[in-house]
Amino acid sequence: MIRGLAIGLALALFAAAAMLLAGANPLLGFWALFRGALGGVPQISETLVQTTALLFPSLAVAFAFRAGLFNIGAEGQLVIGGLVAGVIGARLETSGLIAIPLLLIAGSAGGAAWGAIAGVLRARFGGSEVIATLMLNIVAALLANYLVVGPLHSPGVAGPETAELPHSSWLPALLPGTRLTVALLIALALAFVLRWVFARTVFGYELRAVGDAPEAARRAGINLAKTAFVTMALSGAMAGLGGATIVTGVLHRFNVSLSPGYGFIAIAVALVGDLDPLRIIIASFAFGILQSGALSMQALAHVPKDVVSFVEGLAIVALAARRFVAGRKQMTALAPE
Amino acid sequence: MSGIQDFVVLTLVKAAPLIYAALAGVVCERAGILNIALEGQLTIGAFTAVAVSFATGNPVIGLLAGVVAGALVGLLLGVAATRFGVDQIVAGTGINLLALGGAAFGLTVVFGQPGASAEVSALGVPGERGLIVGAFVAALLLHLALYRTPWGLRTRASGENPRAVRSAGIDPRNVRLIATMLGGALAGLGGVYLSLGELDLYSDGMTAGRGFIALAAVIFGRWTPFGATGAALGFGALAALQFVLQRSGVPSELMQALPYLAALAALTGIAGRARAPQADGVPYTE
C-alpha cells in the first residue's frame, strides 16, 4: 500500500514535470484533469465508460497472468471481438433480446478464437505466447481494416468502419443521455465471477497452481498444455467481450480505431490491481479518470493529452514487480511435451 | 532492367531500419533479454534525432542524439530488468507506451503541433546511403564481436547459462545491461534512419510496427546477426513488393501482415528447429 502510494506520488511528480516542460501550470493541469473526469454527471459517466472499456481487457490480462501466461494480445483480441460484433450487428435486424446477447457472445467467441491461436502455439508447440500475441495484435488490426474496407464493406460508409447497428441492438443505457450502458454491470459481474473462480473452484486452483509452480502442478497431474490453451482462449474471450460492448454500447458500429490502446493500458491496470479482480475494478476507475480527463486537460490547461500514455508507460515499468512472474520463469523453462 | 534495379534499391531502403532493429534484438536476446521495446526505441531515436536537428540545425548532431536516446531507452529496460526485478516483457510493453506517448508529447512541446514535426535539415541522399551501408557493416561487426571476442562469449553465455557466467566471476546482469544499451543504440540508429535518412521529419506512428517485424526477423534469423540481416532483407523485399503490386489487386494488408504471419508460423517450428537462447527472457537473480 505504502509502496503503491510512493509510486503514485512519483508518477504525479513526473507528470507535473512534464506539464512544466510543456509550459503549463501543473496545478491547473491536474485541476483540469479531475474536473474533466469527475466534474459533473456527464463527466463521471464518461469516466465510467472508460473504466468499463479498461476493465474487460484488464481482467483478461490478469486472468492469463495468474496462470503464468503473458497475454500481451488483449488489444488484438478486443479488436477482433469488436469486429465480429460490428460486422454481424450491422446486418442483424431483430429484437434486442436476441440480438444483444448474440452479439456479445459472438464478440467473445471472436476474441476467444484469437486468443486460442496463441494458446495452441503455446500448448502444442511450446511457442512463446508473448511473441504470438504481439504479432496477432498487428494482424488483427490489418485484418479488421482489410475486411471493413474490402470484402465486408457496408454500402454508403466512407471510413474504415461498419454501418451503424440498428437501435434495437444497442446496449441499454444506465443513464439516459450518456454513453454509460449496462456494459459496466457486465464488467463488474465478470470481476466478481473471476474472484469466485480463483478462490472457490478447482479450475481456479489449477490455474493458480500452474502460474505459481508449474512443475509442482504438472506432478500433481494438471495438464499444463491444456491449461495454457484454455486460459488463453478464456482470456481472449474476456477481451473480445470488451470489444463487443464498445461496439454495441458506445460507438454503435465497429471502427478500426475503436481502442486507443486499451489492451496495453490493461497491463498497467492489471498490475496496479495486483492481479486481484476486485482491486482491478478500482484500478480501472483510476485509469479511467486519466483517460477521460486527458482531453479536458489538453483543452483547459494546454497540456498535450499524450502525457497520459507517457505516465501510464512509466507506471507499467515501475509496477511490474518480480513476484508476478515467479511462475512464468519456470513455465518457459519447461520443454513442451 | 531498371525495374529490377529499382526493386533492389527499394528493398535496401526498406530493409535498413529493420536490419538495425533486428541486430538490436539479436544482441539483447543473445544476452538473455527479450527486448520487445524495439518499437519504442525506434520511435525515440527517430523523434530525438529530428528534435535535436531542429534545435541545432545540424543533422549529424541529431543522428548522434538519436543513437544516445535509443541507448538510454535500452538502459531503462536493462536497469528495470536487471536491477529492479521488473519483468522484461511487462517493462518492454511499458516502454513502448511511454515512448509513443513521450514522442507525441514532445512533438507538441518542441514543434507546437501534434501529428508531425516541421521539416528539419536531414542527412540527405549520401546520409541515407551511408546508413544503408552502415547496417551491413553493423551486422558484420556484431557477428565478429559476438563470435570472436571475449565480450561476445560473455554475452552469449549470459543468454544461455548466466549461472556459469557468474561462476566465472562476471556478473551477468552487467553483461545484460551493456547488451540492452548497445541494442538500444542500434535501434535508435534505425529510428534516425527513418526520420533523418529516408525523410526529414518525424510523424506519429512512422515506425509502423517495424520493431515487431524486427522481432520476427530475429526468430527467422535464428538469433544470429547474419541470419537476422537476411530475414530483414526478406521483409524489406516484401515491403518493396507492396509498391510493385499496389494496383494488382493483392490486398496491401495481406502483404503487410506477411512478416507477422511468418513469425507465427516460425513459432510452430515449421522452419526447422529454431531454438532461442536457453535463458532468453529469463530473469537472473543471485
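Here is what the cut-offs are and how they apply
Residues numbered from 1 in each chain as written. Chains lettered and ligands numbered in written order. Predicted model: local features only at pLDDT ≥ 70, side-chain atom pairs only at ≥ 80, totals over all residues. Heavy atoms only, no water. Helix = DSSP H or I, 4+ residues; strand = E, 2+ residues; numbered from the N terminus. Rg over C-alpha atoms; globule rule 2.2 N^0.38 Å. Buried < 20%, exposed > 50% of the residue type's maximum accessible area, 1.4 Å probe, protein only. Contact = heavy atoms within 4.5 Å. Areas by Shrake-Rupley, 256 points an atom, 1.4 Å probe, with all protein chains shown as cover. Lys, Arg positive; Asp, Glu negative; His and termini not counted. Charge placed at Lys NZ, Arg CZ, Asp CG, Glu CD. 1 Å grid on protein atoms, 1.4 Å probe; cavity = no way out; pocket = protein on both sides within 12 Å on 5 of 7 lines; lining within 4 Å. Points joined across faces, edges and corners; volume = space filled by probe spheres on them. Nonpolar A, V, L, I, M, F, W, Y, C, P; charged D, E, K, R; others polar. Patch = residues over 30% accessible without salt bridge, like charges linked within 9 Å, V, L, I, M, F, W, Y side chains within 5 Å. Salt bridge = Lys/Arg side-chain N within 4 Å of Asp/Glu carboxyl O. Axes fitted to C-alpha atoms, helices over the stretch in contact; angles between N-to-C directions. Parallel < 35°, antiparallel > 145°, perpendicular 65-115°, else oblique. Left-handed = near helix turned anticlockwise from the far one by under 90°. Expected span 1.5 Å × (residues − 1). Polar contact = N/O pair within 3.5 Å; in protein donor to acceptor, adjacent residues only side chain to side chain. Phe/Tyr/Trp six-rings, centres within 6.5 Å; stacked < 30°, edge-to-face > 60°. Lys NZ or Arg CZ within 6 Å of the ring centre and 35° of its normal. pLDDT = per-residue confidence, 0-100. Buried area = accessible area lost by both parts, 1.4 Å probe.

1. With respect to the overall build of chain A
Summing up its helical and strand segments, chain A has 14 helices and zero strands in all. Helices and strands in chain A line up, N terminus first, as α-α-α-α-α-α-α-α-α-α-α-α-α-α. Whereas a compact globule of 337 residues would reach a radius of gyration of roughly 20 Å, chain A reaches 20 Å, a difference of no more than 12%. Across its three principal directions, the C-alpha atoms of chain A cover 60 × 55 × 35 Å. Per-residue burial for chain A yields a buried fraction of 58% across its 337 residues. Across chain A, the fraction of contacts at a sequence separation of at least 24, relative to all contacts at a separation of at least 6, is 77%. Total accessible area computed for chain A in this model is approximately 13,300 Å², and 69% of it derives from carbon and sulfur atoms. If you average the places of the 20 positive and of the 14 negative side-chain charges in chain A, the two averages end up 8 Å apart.

2. Things to note about the overall build of chain B
Check the secondary structure of chain B and you find 11 helices and zero strands. Computed over C-alpha atoms, the radius of gyration of chain B comes to 18 Å, within 12% of the 19 Å expected from 2.2 N^0.38 for 286 residues, which places it in the range of a compact globule. Viewed in the frame of its principal axes, chain B has a C-alpha envelope of about 55 × 45 × 30 Å. Counting all 286 residues of chain B, 57% fall into the buried class.

3. Looking at the environment of Ala191 of chain A
Turning to its location among the elements, Ala191 of chain A is positioned in helix H7 (residues 183–200). For the pair formed by Ala191 of chain A and Ser58 of chain A, sequence separation is 133 residues and the distance between their alpha carbons is 9.9 Å.

4. Observations concerning the environment of Leu171 of chain A
Residues and elements named next belong to chain A. Take Leu171: it is sitting in the loop between helix H6 (129–149) and H7. Overall, Leu171 belongs to the buried group, its relative accessible area being 6%. For the pair Leu171 and Ala123, spaced 48 residues apart in the sequence, the C-alpha separation amounts to 36 Å. Apart from residues lying up to four places away in sequence, Leu171 is in contact with Ile100, Leu104, Thr181, Val182, Ala183, Thr245, Thr248 and Gly249.

5. Topic: empty space enclosed by the protein
Residue and element names in this part refer to chain B. What the rule picks out here adds up to one cavity of 30 Å³ or more. By volume, the largest cavity is sized at about 60 Å³. Forming the boundary of the largest cavity are Ala81, Thr82, Val86, Asp87, Gln88, Arg173, Arg176, Gly281, Pro283 and Tyr284. Mapped by element, the contributors of at least two residues to the lining of the largest cavity are helix H3 (59–83) and helix H8 (172–198). When grouped by side-chain class, the residues that make up the lining of the largest cavity number four nonpolar, three polar and three charged.

6. Some details on a nonpolar patch on the surface
Residues and elements named next belong to chain B. Nonpolar side chains collect at one region of the surface, where Val133, Val137, Leu140, Leu141, Leu144 and Phe226 lie side by side and expose about 520 Å² of accessible area between them. In terms of residue count, the dominant contributor to the nonpolar patch is helix H5 (residues 124–148) (five residues). Structurally, the position occupied by Leu140 is in helix H5.

7. Brief notes about the pattern of salt bridges
All names here are of chain A. Counted under the stated rule, the structure contains 11 salt bridges over all chains. With its nearest N and O atoms 2.9 Å apart, the salt bridge here joins Glu215 to Arg218. Of this pair, Glu215 and Arg218 both sit in helix H9 (residues 214–219), three residues apart, roughly one helical turn. Among the residues examined, Arg218 registers a relative accessible area of 37% and is labelled partly exposed.

8. Quick word on the packing of H5 of chain B against H8 of chain B
All names here are of chain B. Contact pair H5 / H8: the axes reach a minimum separation of 9 Å and the direction vectors enclose 155°. As the angle between them shows, H5 and H8 are arranged roughly antiparallel. Note that H5 runs across H8; the crossing there is left-handed. Counting all contacts with H5, which are made through Gly124, Glu128, Leu131, Ile132 and Ala138, the residues of H8 involved are Leu186, Leu189, Tyr193, Leu196, Gly197 and Glu198.

9. A closer look at helix H2 (residues 26–38) of chain A
Taking 1.5 Å as the rise per residue, H2 of chain A with 13 residues should run 18 Å; its terminal C-alpha atoms sit 18 Å apart, in good agreement. Where H2 of chain A starts, the residue carrying a side-chain oxygen 2.9 Å from the main-chain nitrogen of Leu27 of chain A turns out to be Asn25 of chain A.

10. Some details on the environment of Phe70 of chain A
Summarising the element assignment, Phe70 of chain A is placed in the loop between helix H3 (41–66) and helix H4 (74–89). Expressed as a C-alpha distance, the spacing of Phe70 of chain A and Val130 of chain A, which sit 60 residues apart in the sequence, is 5.9 Å.

11. Points about the packing of aromatic side chains
Each aromatic ring pair is summarised here by two numbers: the centre-to-centre distance and the angle between the ring planes. Under the counting rule described, the total for this entry stands at six aromatic pairs over all chains. When the ring of Phe54 of chain B is compared with that of Phe111 of chain B, the centres are 4.6 Å apart and the planes differ by 50°; the resulting orientation is tilted. One end of the pair, Phe54 of chain B, is in helix H2 (residues 38–56); the other, Phe111 of chain B, is in helix H4 (residues 88–111), with 57 residues separating them in the sequence. Phe111 of chain B gets classed as buried once you look at its relative accessible area, which sits at 13%. Grouped by ring-pair contacts, the aromatic residues Phe63, Phe198 and Phe203 of chain A constitute a single cluster. The cationic tip of Arg66 of chain A hangs over the ring face of Phe198 of chain A; the distance from NZ or CZ to the ring centre is 4.3 Å. Cation over ring: Arg124 of chain A sits above Phe125 of chain A, and NZ or CZ is 5.1 Å from the ring centre.

12. Re the confidence of the model for chain A
Residues and elements named next belong to chain A. Predicted confidence across chain A gives a mean pLDDT of 89, with 93% of residues reaching 70 or more. Least confident of the elements in chain A is helix H14 (residues 326–333), whose mean pLDDT is 43; most confident is H4, at 97. Every residue in residues 322–337 is under pLDDT 50, and counting partners more than four places away or in other chains gives 39 contacts.

13. Some thoughts on the interface of chain B and chain A
On the side of chain A, 41 residues touch chain B, which itself brings 38 residues to the contact. Of the roughly 3,600 Å² buried where chain B meets chain A, counting both sides, 81% is carbon and sulfur surface. When the buried surface of chain B facing chain A is broken down by residue, Leu97, Phe105 and Leu267 of chain B rank first, second and third, together holding 18% of it. The interface formed by chain B and chain A holds zero salt bridges in total. Secondary-structure elements contributing two or more residues to the side of chain B that touches chain A are H4, helix H9 (210–220) and helix H11 (252–267) of chain B. A per-element tally of the side of chain B that touches chain A places H4 of chain B first, with 14 residues. When its residues are assigned to classes, the side of chain B that touches chain A shows 26 nonpolar, 10 polar and two charged.

14. Structural notes on the side chain of Thr52 of chain A
All names here are of chain A. Locating Thr52 in the fold gives a position in helix H3. Owing to a relative accessible area of 5%, Thr52 belongs among the buried residues under this scheme. Apart from the residues within four sequence positions on either side, Thr52 is in contact with Ala183, Leu184 and Ala187.

15. Quick look at unusual backbone geometry
A positive phi is found at His302 of chain A, a non-glycine position, where the angle reads about 55°. Along the chain, His302 of chain A falls in the loop between helix H12 (277–301) and helix H13 (307–319). A relative accessible area of 60% places His302 of chain A in the exposed class. Non-glycine residue Trp223 of chain B carries a positive phi angle of around 65°. Considering the arrangement of structural elements, one finds Trp223 of chain B in the loop between H9 and helix H10 (225–244).

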